[in-house]
Each structure stands twice: as structure tokens, then as C-alpha cells.
Number of protein chains: 2
Amino acid sequence: MTEPLDPAMFDGCSDIDLPIRFRNKWMGKILLCLEDGRRRYSELQIPLKGITPKVLAESLRALERDGMITRIAYPGMPPRVEYELTELGRSLREPREVWCKWVDAHVHELLRARMEAEGDLRDLNAS
Amino acid sequence: MTEPLDPAMFDGCSDIDLPIRFRNKWMGKILLCLEDGRRRYSELQIPLKGITPKVLAESLRALERDGMITRIAYPGMPPRVEYELTELGRSLREPREVWCKWVDAHVHELLRARMEAEGDLRDLNAS
DNA sequence: CAGTATCCCAGAGGATACTG
DNA sequence: CAGTATCCTCTGGGATACTG
């Protein structure tokens, strides 16, 4: 039989808890957008449909603080700023791709499960 | 040079957007707790230090709706309920481990980056 | 034991307008 | 162009008490 769970199971185990910053809605997309080269602020806004300037700026600052990206500002008018992945930021590619592969492979099961759950709810409401 | 970013970059690309449910604070830990066997509700509360019954119940319902776990209720008094990973739930192990390995390998760089950022802030405040 | 039922709050994220 | 500044909403998650 399975052993009892250790109360200290996660002590010193930052592995699971740390990625709070990656629970950010846009992080994954921003990182992906930067994966094939430097991008300007305004360039990022295009594929990131719906992101507001405030949220994009905040997300970029957070990624910068975490050492995931570098901000490169060119002096002059009009301003020109580019963002680029650091080595650390680039190293995220592998885990992200593994995750994406999982989703590709299982998204249908997941959606089906959710739809069945919805169906059950409808049944309940109907009764 | 890098090509312009496609405005429709994420169209039909659920890969990045879908895991909203996994942005849940406790999902990773719950899944991990279930990884080596069935667990009772009360057993889960122990390593998940600090989780409230409401949040644990909500998380379990969500995981169930997504087809990640199964709820097994034994009739009788006092009640006894066990949770178990489904095949789908078990398949999450690999991506989770890849992610954990990334954190293990890079947590120091991340923490150092954050501390440096803090330092910069202090410098600013001091000036 | 395995949960609900209530109430509450911080903070993530959005809308809009403005600026060096 | 590359952001700030404000204001606002919403909901994930916590605290506490109660129950079949």
C-alpha cells in the first residue's frame, strides 16, 4: 500500500511553488514572442491581441527583474526600445515545449471531459 | 533578420492559453500528492499545509471536471472518500518533472536576479 | 470525515486618457 | 514610440463556522 504522505512534503521544495510569477496570464506568450529575436514594445502588442499597455509594461518589468529578458533602449526621438531573451529566458524553451506537446496530445481529452461535466450540469438543472 | 510577428500568432494555438486552470495555486501540489496512489480528502490536507477545506474542495472539483482525477466515495458512516489520478492525470507527470528540473537547475539564477533588482530599488530609494 | 455556507480581501488584470 | 497615471472590476483564495 501507499505510505502516508509526509507533512513536510514540500519543505524546501521550491519546485512546485516558485513559478508563481509564471502564473501570470501573459508570460508564456511574451516569452514565445521573443523566442526568435529581439522585439520592440509596439511589435509585441500586435500578436498579444488585447493586452493593455499597462499590463504589457508590468509584465516586461517583472520578466526583467527575474533576469529573463533584457531591455535595450536606444537614445533619441522617437524612442526605440527592444526586448531580448537572456540566456536564462532562452532556457525556458524546453520546458515550455514539453508542456505544449502535452497539451497538443491531450487537449481533446481535456475538452471532452469539460464538455461532459457541462452536460452533467445541464442534466441537473433540467431535473 | 527576424521576420515580423504574426498578428494571428496564437490563433488556434491553445497550447499557451489553455493551462489557465493550472495557474491555480494548488493544482501542482495536489497532483503530486496523488502521484503515488489514492488519497483521502483528510490525507491531502496534511502535506498541503494551509489549504482551507473550501479551496481544497474547489480544486478537487475542478480537477475532476477536467478528467484529471476520479472521486471514489464509499457509502457508510463516517464517510470515506478517495481521490485517484486518471490516466490523463498521470500523463502530466512528465511535463511537471521537466518543469521541476528547470527550476532546480535555474532557481539560483532567478533568485539572484530578483535580489539584484531589489538592490537596485534600494539604490534608487537611497539617492 | 468530508465537506458546505458565508463573508471578506488583495491583487491581477482591464479601460481609458495622458505624456516625455 | 513607449510607456504612465487613474480608476475600476472581478475572482482566486483565505478565515471561520456549521452539517449530513
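To be clear, the structure that these remarks concern was listed above.
Residues numbered from 1 in each chain as written. Chains lettered and ligands numbered in written order. Predicted model: local features only at pLDDT ≥ 70, side-chain atom pairs only at ≥ 80, totals over all residues. Heavy atoms only, no water.

Novice: Could you clarify how one ought to interpret the protein's contact with DNA strand D in this entry?
Specialist: Near DNA strand D lie 21 residues; those nearest to it are A:R23, A:S42, A:Y83, B:K25 and B:K54. Within 4 Å of the protein, the contacting atoms of DNA strand D are drawn from sugar and phosphate to the extent of 65%. Here A:S42 contributes a side-chain N or O atom positioned 2.6 Å from a phosphate oxygen of DNA strand D. A distance of 3.3 Å separates a phosphate oxygen of DNA strand D from a polar atom in the side chain of B:N24. Contributing elements (two or more residues each) for the surface near DNA strand D: α3 (41-45), α4 (53-65) and β3 (80-85) of chain A together with α4 (53-65) of chain B. (Near = heavy atom within 4 Å. Polar contact = N/O pair within 3.5 Å; in protein donor to acceptor, adjacent residues only side chain to side chain. Helix = DSSP H or I, 4+ residues; strand = E, 2+ residues; numbered from the N terminus.)

Novice: Would you mind going over the sheet that holds strand β1 (residues 39-40) of chain A with me for this structure?
Specialist: Sheets are built from strands paired through backbone hydrogen bonds, the pairs being either parallel or antiparallel. Residues and elements named next belong to chain A. The three strands are arranged β1-β3-β2 in an open sheet whose pairing can be described as antiparallel. Two strands in the sheet have a free side with no partner beyond their single neighbour: β1 and β2 (69-74). In the sheet, β1 pairs with β3 via two bridges, with the strands oriented antiparallel. From the neighbouring strand, R39 faces β3, where its bridge partner is Y83. The strands touched by helix α2 (residues 27-34) within the sheet are β1, β2 and β3, with β3 carrying the most contacts at an inclination of about 100°. Packed onto the sheet, α4 meets β2 and β3 and runs at close to 115° relative to β2. (Pairing = 2+ DSSP bridges. Contact = heavy atoms within 4.5 Å. Axes fitted to C-alpha atoms, helices over the stretch in contact; angles between N-to-C directions.)

Novice: For this particular structure, what's the right way to read the pattern of salt bridges?
Specialist: Close approach of charged atoms lets side chains of opposite charge pair. Following the criterion strictly, the structure yields 25 salt bridges over all chains and no others. For the salt bridge of A:R114 with B:D66, the shortest nitrogen-to-oxygen distance reads 2.7 Å. Taken as a pair, A:R114 in helix α6 (residues 93-126) and B:D66 in the loop between α4 and β2 (69-74) lie in two separate chains rather than in one. The exposure class of A:R114 is partly exposed, given its relative accessible area of 21%. Measuring nitrogen to oxygen at the nearest pair gives 3.0 Å for the salt bridge that ties B:E43 to B:R39. Residue B:E43 is classed as partly exposed on the basis of its relative accessible area of 24%. One network of salt bridges, with partners in common, ties together A:E35, A:R93, A:R96 and A:E97. (Salt bridge = Lys/Arg side-chain N within 4 Å of Asp/Glu carboxyl O. Buried < 20%, exposed > 50% of the residue type's maximum accessible area, 1.4 Å probe, protein only.)

Novice: What exactly am I supposed to notice about the relation of the copies chain B and chain A here?
Specialist: Relating one copy of the chain to the other requires a rotation about an axis plus a shift along that axis. Each copy superposes on the other: chain B lies on chain A with an RMSD of 0.1 Å after a rotation of 180° and an axial shift of 0.0 Å. When the rotation and shift are considered jointly, the pair of chain copies conforms to a two-fold rotation axis. Minimal C-alpha separation from the rotation axis in chain B is found for B:R23, amounting to 2.4 Å. A share of 100% of the interface residues of chain B reappears at the interface of chain A, consistent with the copies meeting face to face through the same patch. (Least-squares fit on C-alpha atoms with pLDDT ≥ 70 in both.)

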